[in-house]
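One-letter residues, chain by chain:
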Amino acid sequence: MTAEPVSRQPLDDERIDRRVARIRELMARWAALRPGDGEVWRTGFSALTEAEVVAAETRLGLRLPENYRRYLLEFGEPAHLLMSYAGRLVAEQKGPRPAEPFPLDRPWAGLSAQITDWEETEGTDFFEDGPGEFYSQFDDPEDAFYDLPAGARYTDGTLLLGATRSHFLARLVLNGPWAGTVWFDSFGNDGELIHLADETEEFHRDYTLGSFVDAQEWLPLAELPWFPAPEAGPADPAPGDFLDLTIAVLCRRVRRAAAERACDRLDPTELQDAQLRLRSPRAHGFPAGHTYGSLASWFSGWVRDELLRATPDSEAAGRLLEPALALPDPGGRPAALILAGRWAELAAHETDTVPDDRRSAVNLALAAELLDAEPGPLPVPTAPDARRPDSERWAVLHTLARLDAGRRQRCLDRMPVPDAAALRPLLEIAALPADAEALDGLLAGELSGPERIAATVALVRALHSTAAAGVPDPALVDRLCALAVAVDRVGEVFDLLAAVSAGRWTDWRAAGAAGQRRLDAHRAPAR
C-alpha cells in the first residue's frame, strides 16, 4: 500500500435524499437546455423497478449500496451517463466475487522498496514516467499487491461500471465502509492499480471529472463574461461517493449546455474569440491537450434543432448563417446555406472554398436544380473518402424530401452516377408517405448511420403532416412513436408527438417506453 489508511462511513438516508433531489434538479435542467450533441436524449433515464433491482441483488448475492440502489430506482442505469466506454448495466454484471469483502482501505501501487529500486535503476520518476514499465515485470497485476488477506483479490466486493475516457476501469464498491464509492482500476496507466475517484480536493477534481466527462474542454472560456458560473455540488462532500460523482458530472454537463445556449446569442466577434480560445488554449493559460476542441458540436446542435423544429421558421434558419460564416471552420456552412435556401452561395462555397477532393457533387446538383439552372455537364463525383457532416446529409434529405417526385428525380439526374446511387435509397426512406404500410416496412429493419438520418426526416415529415391533417388514427400515432424510438429521437420530437397524440403521454420518457413496446412487438418473430 502507498498511503495511510482512510475511513469512510456510507451516507445516511437524509444525505442520500438531498443528493437524489439535486440529481433530479440537474437532470431536469440538462434536459431543458438540450446540449448540442443531443446526449441528454440518448442517456436514457428509465427507472428500474424494485423487482429488477432485487433480481440483480439476488444474482450478485448481496444488497446493493443504498446510494446506488436509490439511483437505479429513480433514474435507471448510470452506465451511459457516467462512462465513456463499455458502460456495464447492472443486469449484465457477472462478477465472480461481488459479495466478498472489499479488501482495501487506501490506494494501491506496489511495494515502496520495489518502486524505489526501479526509480534508481531507471533514473526516472515512477508516477510520471514508469508505471507501465514497472508493472510489466509482473505476469499478473495482482502480483503487485501485497499484504492482502489470504485468498483476497483487489477486485473483490466491486461492480464494474465501465471505462472512463482515460481508459480507467471504474469499480463501484459494494460492501464495507467504502460501500457506494467509486475506485479507479488503472493498472499500467497512471501508477496506481486502484485508487479512490476523489473529486473533493482540487488536485483530484479535474483529474477525476476529466476522466468521466469531456465538458472540461470548454474551460478556456471560463473567464469570458457570458460563460456560466460553476454549479454547486453537495455542501457536505463525501470522497469518491457515487452520487457525488454523478452530481459533479451533471454539473459539468449543465454548465456546458448553458454555455451552448449562451452561444446562440453571441455576435460574430464573440464567437470568433471563443473559437480561438478553444483552438489555442495554451495562449490563454491552459495546457495544450486533446480535451480542447471547438464550437462544432454546438453548431451541429443548432442545425439539428432547426431540422427537428415543430413549426418551420425560415427566419430562424437564416440566423444559422451568421455563426456559420463567422466561425473559421467552414464545415457547417453547407448545412446552414441549404436550410436558409441560399443556393447561389452554396454553389459558390463548393466551387470557390472547398478543395477539389472534398467538393460535394450532391450539393452542386441540388443548388443547380433549385436555381433552375440549365442542365450542364455532371459535376465530378464526390470523392469516396470525403466525409460529409451528418447535419449536411440531413439538410440535403430534408430539402429533397419536400420537393415533388419529378423535381427529386431531376436533381438525381444532375448528379454523377455514384452519388445518385448512394443517395437514392436514402431519399426513398426520407420521402415515405405517412401511412401504416410504409411505416411498418421502415420499422422492420435496424436503422443506423445514413438510414437513421433518412428515417428521422421521414418521421418529422410524418409528424408535421399528421398534425396538419387533424385527429389522427391512434394506430398511426403508435407507429410514429415506435419510429421515434427506432431513430432515438423521442425527446427531441416529443412536442410533435404530444400534439398528434392529444397528450396521451405525460413526458418523453413515457412516450419512449410506449414506443419501445410497440417497436418490440413489431419486430418480434412470428410464431
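Let us look at the structure shown here. (Residues numbered from 1 in each chain as written. Predicted model: local features only at pLDDT ≥ 70, side-chain atom pairs only at ≥ 80, totals over all residues. Heavy atoms only, no water.)

Counting its secondary structure elements, the protein chain contains 25 helices and four strands. Within the protein chain, the fraction of its 527 residues that count as buried is 51%. Taking all contacts inside the protein chain whose residues are at least 6 apart in sequence as the whole, residues at least 24 apart take part in 70%. Total accessible area on the protein chain stands at roughly 23900 Å², and carbon and sulfur atoms take up 52% of it. (Helix = DSSP H or I, 4+ residues; strand = E, 2+ residues; numbered from the N terminus. Buried < 20%, exposed > 50% of the residue type's maximum accessible area, 1.4 Å probe, protein only. Contact = heavy atoms within 4.5 Å. Areas by Shrake-Rupley, 256 points an atom, 1.4 Å probe, with all protein chains shown as cover.)

Okay, the pairing of strand 1 (residues 158-163) next. A large share of strand 1 lies buried, amounting to six of its six residues. Of the strand pairs in this sheet, strand 1 and strand 2 (residues 169-173) are connected by five bridges, and their pairing is antiparallel. Directly across from L160, in strand 2, lies its bridge partner R171. (Pairing = 2+ DSSP bridges.)

In this section: helix 23 (residues 474-486). With 13 residues, helix 23 ought to run about 18 Å at 1.5 Å a step, and its terminal C-alpha atoms sit 18 Å apart, in line with that. Burial analysis of helix 23 places 10 of its 13 residues in the buried class, the great majority of the element. Listed as buried for helix 23 are L476, V477, R479, L480, C481, A482, L483, A484, V485 and A486. Elements that come into contact with the buried residues of helix 23 comprise helix 21 (436-443), helix 22 (450-469), helix 24 (494-500) and helix 25 (508-523). One side-chain oxygen of the residue at the start of helix 23 lies 3.0 Å from the amide nitrogen of A475, identifying that residue as D473. Of the residues flanking the end of helix 23, it is D488, one or two places downstream, whose phi is positive at about 60°. (Expected span 1.5 Å × (residues − 1). Polar contact = N/O pair within 3.5 Å; in protein donor to acceptor, adjacent residues only side chain to side chain.)

Following the sequence through the fold, R402 ends up in the loop between helix 18 (390-400) and helix 19 (405-414). For R402, a relative accessible area of 38% gives the class partly exposed. As a C-alpha pair, R402 and R461 span 59 residues in sequence and 8.5 Å in three-dimensional space. Those residues in contact with R402, other than ones at most four positions away along the chain, are V457, V460, R461 and H464.

Moving on, we come to the environment of R424. Mapped onto the secondary structure, R424 falls in helix 20 (residues 417-430). A relative accessible area of 32% places R424 in the partly exposed class. If we skip the residues at most four places from it in the chain, R424 touches Q409 and L412.

At D372, a position not held by glycine, the phi torsion is positive, near 55°. Turning to its location among the elements, D372 is positioned in the loop between helix 17 (361-370) and helix 18. Judged by its relative accessible area of 58%, D372 is exposed.

In terms of nonpolar packing, the biggest core is built from 87 residues, with W218, W226, L295, W298, L397 and L483 touching the most fellow members. In this structure, W226 is in contact with L221, A259, A262, C263, L266 and A274, ignoring residues within four places of it in sequence. Counting residues in each nonpolar core, the second largest holds 46 residues, with I16, F168, A238 and C251 among its members. (Core = buried A, V, L, I, M, F, W, Y, C linked by side-chain atoms within 4.5 Å.)

Before going further, it helps to examine the environment of V53. Within the secondary structure layout, V53 lies in helix 3 (residues 50-60). Between the alpha carbons of V53 and L72 there is a distance of 7.5 Å; along the sequence they are 19 residues apart. Leaving out residues up to four positions away in the same chain, V53 has contacts with L48, L64, R69, L72 and L73.

Viewed as axis vectors pointing N to C, helix 18 and helix 22 meet at an angle of 40°, and their least axial separation amounts to 9 Å. As the angle between them shows, helix 18 and helix 22 are arranged oblique. Between helix 18 and helix 22 the crossing geometry is right-handed. Contact residues: helix 18 offers D390, R393, W394, L397 and H398, while helix 22 offers P450, I453, A454, T456 and V457. Residues that form the contact of helix 18 with helix 22 fall into these classes: six nonpolar, two polar and two charged. (Axes fitted to C-alpha atoms, helices over the stretch in contact; angles between N-to-C directions. Parallel < 35°, antiparallel > 145°, perpendicular 65-115°, else oblique. Left-handed = near helix turned anticlockwise from the far one by under 90°. Nonpolar A, V, L, I, M, F, W, Y, C, P; charged D, E, K, R; others polar.)

Let us now look at helix 17. In terms of burial, helix 17 is largely enclosed, as 10 of its 10 residues are buried. For helix 17, the secondary structure elements touched by its buried residues are helix 15 (333-340), helix 16 (343-352), helix 18, helix 19 and helix 20.

Our focus in this paragraph is the sheet that holds strand 1. Sheet architecture is open: four strands sit in the order 1-2-3-4, paired in antiparallel fashion. At either margin of the open sheet sits one strand with a lone partner, and together these are strand 1 and strand 4 (194-196). On average, each strand axis in the sheet is inclined to that of its neighbour by 30°, with strand direction left out of account. The pairing of strand 2 with strand 3 (residues 182-185) spans four bridges and is antiparallel. The residue of strand 3 that forms the bridge with L169 is D185.

Counted under the stated rule, the structure contains nine aromatic pairs. Plain terms: the ring middles of Y68 and F242 are 5.3 Å apart, the flat faces sit at 80° to each other, and that makes the pair edge-to-face. Of the two residues, Y68 sits in helix 4 (residues 66-74) while F242 sits in helix 10 (residues 242-263), which places them 174 residues apart along the sequence. Across the pair, F242 and Y68 agree in class, each one buried. Relative to F212, the ring of F184 lies with its centre 5.5 Å away and its plane at 45°, an arrangement referred to as tilted. Note that F184 is positioned in strand 3 and F212 in helix 9 (residues 202-212), a separation of 28 residues in sequence. Just as F184 is buried, F212 falls in that class too. Taken together through their ring pairs, the aromatic side chains of Y68, Y71, F75 and F242 make up a single cluster. (Phe/Tyr/Trp six-rings, centres within 6.5 Å; stacked < 30°, edge-to-face > 60°.)

Let us look at the pattern of salt bridges. Scanning the model with the defined rule gives 34 salt bridges in all. A salt bridge links R22 to E25; the nearest nitrogen and oxygen atoms lie 3.0 Å apart. One end of the pair is R22 and the other is E25, both in helix 1 (residues 13-33) and three residues apart, which spans about a single turn. Judged by its relative accessible area of 15%, R22 falls in the buried class. Taken together, the shared-partner salt bridges in this structure form one network comprising E14, R15, R18, R19, D236 and D244. (Salt bridge = Lys/Arg side-chain N within 4 Å of Asp/Glu carboxyl O.)

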